[in-house]
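Summary of structural features
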Amino acid sequence: MKHVSTYSVKIKDYRRVFKDTVTAYRQAVDYFIAVADKEWSYFQEVSSSMYRLRLMEEFAHRTAKRPSPKYCFEEAEKVFYKFPSYLRRAAINEALGKVSSYRSNLDNWEQSDVNLRGKPPACPRAGLIYPVLYRENMYKQSGESKAAIKVFVNGTWNWIMVSLNKGDVDYIKHHCADSKECAPTLQKRGKEWFLDFPFEREIELKKVEPYAQRIVAVDLGINNACVCSVMASDGTVMGREILTLSREKDRLNHCIGRIKKAQQHGNKRTPRLWASAKGINRHIAERTAAFILSVARQYEAEVIVFEHLEMNGKKRGSKKQRLHLWKARDVQTIVTHKAHVHGMRISRVNAWNTSRLAFDGSGRVERGVYEQNGEVKYNYSICVFPTGKTYNCDLNASYNIGARYYIREILKSLPETSRLDIQAKVPECTKRSTCTLSTLISLHTAMCA
């Protein structure tokens with residue numbers, strides 16, 4: 001598979017110059033969006049992106065053989081005079097993509113029910129996009145920490161020499177020596193400007209039969225950052241790892257408390273406090289992802305299994321703020337990116353009842369309430385099985401997550417007749433939302449028999 005990583009290099013000088021370049025690029029995209037929207041009847045007949053690009057240039061680009069096009073791009077704005085050719089083509093492709101998406105959404109809206117469809121989709125705009133600096137035409141490397149880029153400065157397009165952060169350049173040189181470097185993108189973050197360099201590499205993922213796979217089943221929680229269980233195809237649990245990050249969560253709760261106190265005193269907007277909270281939350285996500293990957297590498301796992309979490313909709317209940325700040329999706333994204341670098345695969349399973357059902361197949365658990373020395377205690381991270389056994393709820397969920405992955409993969413690999421025979425012997429495996437670790441053990445026993 002093709003793996004793409006992006007690394008940012010900070011530009012040490014020329015902060016105000018780049019604003020005009022980005023503004024000119026966005027104006028060009030808006031111009032081509034208007035042309036594509038007016039002449040869409042011609043563009044929809046062409047399927048290839050290359051031919052659409054040529055068609056747009058026939059409409060808007062003036063050449064010696066085409067001195068008077070229907071829409072003259074070079075005369076529309078002052079910044080379009082001597083507009084770089086590669087940047088113009090990037091703006092055309094961006095505009096055609098936005099208009100194509102808008103037209104397909106408009107067709108779907110027109111075909112939907114009048115009483116349910118709502119407002120029509122709005123005409124697209126350039127938005128917060130940034131230009132790609134193609135090599136030789138917009139970007140030239142000169143030395144390890146120096147580069148020449150073409151920008152709109154002093155009323156025209158000229159080359160300027162910029163200094164790059166040496167630490168960022170050395171980091172890229174160390175980590176991406178075996179990757180293909182692509183054209184950088186000019187980006188602004190806060191008050192600083194960066195060059196984002198994409199790197200491509202070909203990666204071969206591990207191909208192992210389900211019976212020989214070793215997986216890491218991950219339960220991302222709110223009480224614990226994550227719980228990892230290393231499992232084999234017969235249901236054997238070879239390792240358990242729990243990450244709490246109590247110090248980071250205390251810092252996050254303290255920061256949220258400061259935000260609440262400021263809001264109670266009338267400060268509705270607290271950007272600095274929210275920036276601090278988001279930074280802590282991002283740090284928790286990165287630490288969690290690094291921990292999951294370290295466990296997978298330690299046990300030489302081939303697959304990392306997550307729950308398929310539905311995060312849409314309005315959050316309700318006493319923990320709705322903690323659910324809003326939960327970075328489960330970001331953790332899965334970071335782990336996916338890093339796992340592919342090491343040749344590991346990522347899989348997701350049905351999340352229904354993973355924490356609600358006991359892994360031993362005894363039924364539904366009771367969470368939060370348990371007895372100890374004759375006293376009733378409350379702890380939401382503890383669950384009690386119908387048999388009276390007390391267990392960690394997140395660890396129980398991780399067992400069920402790993403079991404559901406193996407059940408699905410094993411049944412998929414079987415022929416139709418064998419699969420029906422196995423399902424007749426183990427009817428619990430037919431419904432994926434009720435499978436537990438005991439179901440996997442029963443399935444393994446039936447197959448061995």
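The sections below set out a description of the structure shown in this document. (Residues numbered from 1 in each chain as written. Predicted model: local features only at pLDDT ≥ 70, side-chain atom pairs only at ≥ 80, totals over all residues. Heavy atoms only, no water.)

**Some points on helix H3 (residues 49-60)**
An ideal rise of 1.5 Å per residue puts 16 Å on 12 residues; H3 measures up with 16 Å between its terminal C-alpha atoms. Taken together, the buried positions of H3 are Arg52, Leu53, Leu55, Met56, Glu57, Phe59 and Ala60. Among the structural elements, helix H1 (17-38), helix H2 (40-43) and helix H4 (85-111) are those in contact with the buried residues of H3. Capping the start of H3, Ser48 holds a side-chain oxygen 3.3 Å from the backbone nitrogen of Met50, two or three residues further along. (Helix = DSSP H or I, 4+ residues; strand = E, 2+ residues; numbered from the N terminus. Expected span 1.5 Å × (residues − 1). Buried < 20%, exposed > 50% of the residue type's maximum accessible area, 1.4 Å probe, protein only. Contact = heavy atoms within 4.5 Å. Polar contact = N/O pair within 3.5 Å; in protein donor to acceptor, adjacent residues only side chain to side chain.)

**Structural notes on the pairing of strand S10 (residues 237-243)**
As defined by bridge partners, strand S9 (residues 226-231) adjoins S10 across six bridges and the pair is classed as antiparallel. The partner of Met231 across the bridge, within S10, is Val237. Hairpin connection, S9 to S10: the antiparallel pair is bridged by five residues, and Gly235 has positive phi, about 95°. (Pairing = 2+ DSSP bridges.)

**What about the environment of Gln141?**
Among the secondary structure elements, Gln141 is positioned in strand S2 (residues 139-141). A relative accessible area of 40% places Gln141 in the partly exposed class. In this structure, the C-alpha to C-alpha distance between Gln141 and Gln44, residues 97 residues apart in sequence, is 39 Å. Excluding residues that lie within four positions of it along the chain, Gln141 makes contacts with Lys146, Ala147 and Leu164. At a separation of 3.5 Å, a polar atom in the side chain of Gln141 contacts the main-chain carbonyl oxygen of Glu144.

**Let's talk about the pattern of salt bridges**
All chains considered together, the criterion is met by 19 salt bridges. Between Arg103 and Asp37 there is a salt bridge, with the nearest N and O atoms lying 2.7 Å from each other. Linking Arg103 in helix H4 with Asp37 in helix H1, this pair joins segments that are 66 residues apart in sequence. Of the residues examined, Arg103 reaches a relative accessible area of 24% and is grouped as partly exposed. The partly exposed category is assigned to Asp37, whose relative accessible area is 22%. For Glu39, the salt bridge is made with Lys70, and the minimal N-O distance between the two is 2.8 Å. (Salt bridge = Lys/Arg side-chain N within 4 Å of Asp/Glu carboxyl O.)

**A few points about the packing of helix H6 (residues 246-264) against helix H7 (residues 271-298)**
It is the contact of H6 with H7, at a shortest axis distance of 9 Å, that shows an interaxial angle of 160°. By the angle between their directions, the pair H6 and H7 is classed as roughly antiparallel. Of the two elements, H6 crosses H7, and the hand of that crossing is left-handed. Of the residues in H7, those touching H6 at Glu248, Lys249, Arg251, Leu252, Cys255, Arg258, Ile259, Ala262 and Gln263 are Leu273, Trp274, Ser276, Ala277, Ile280, Asn281, His283, Ile284 and Arg287. Tallied by class, the residues present in the contact of H6 with H7 amount to nine nonpolar, four polar and five charged. (Axes fitted to C-alpha atoms, helices over the stretch in contact; angles between N-to-C directions. Parallel < 35°, antiparallel > 145°, perpendicular 65-115°, else oblique. Left-handed = near helix turned anticlockwise from the far one by under 90°. Nonpolar A, V, L, I, M, F, W, Y, C, P; charged D, E, K, R; others polar.)

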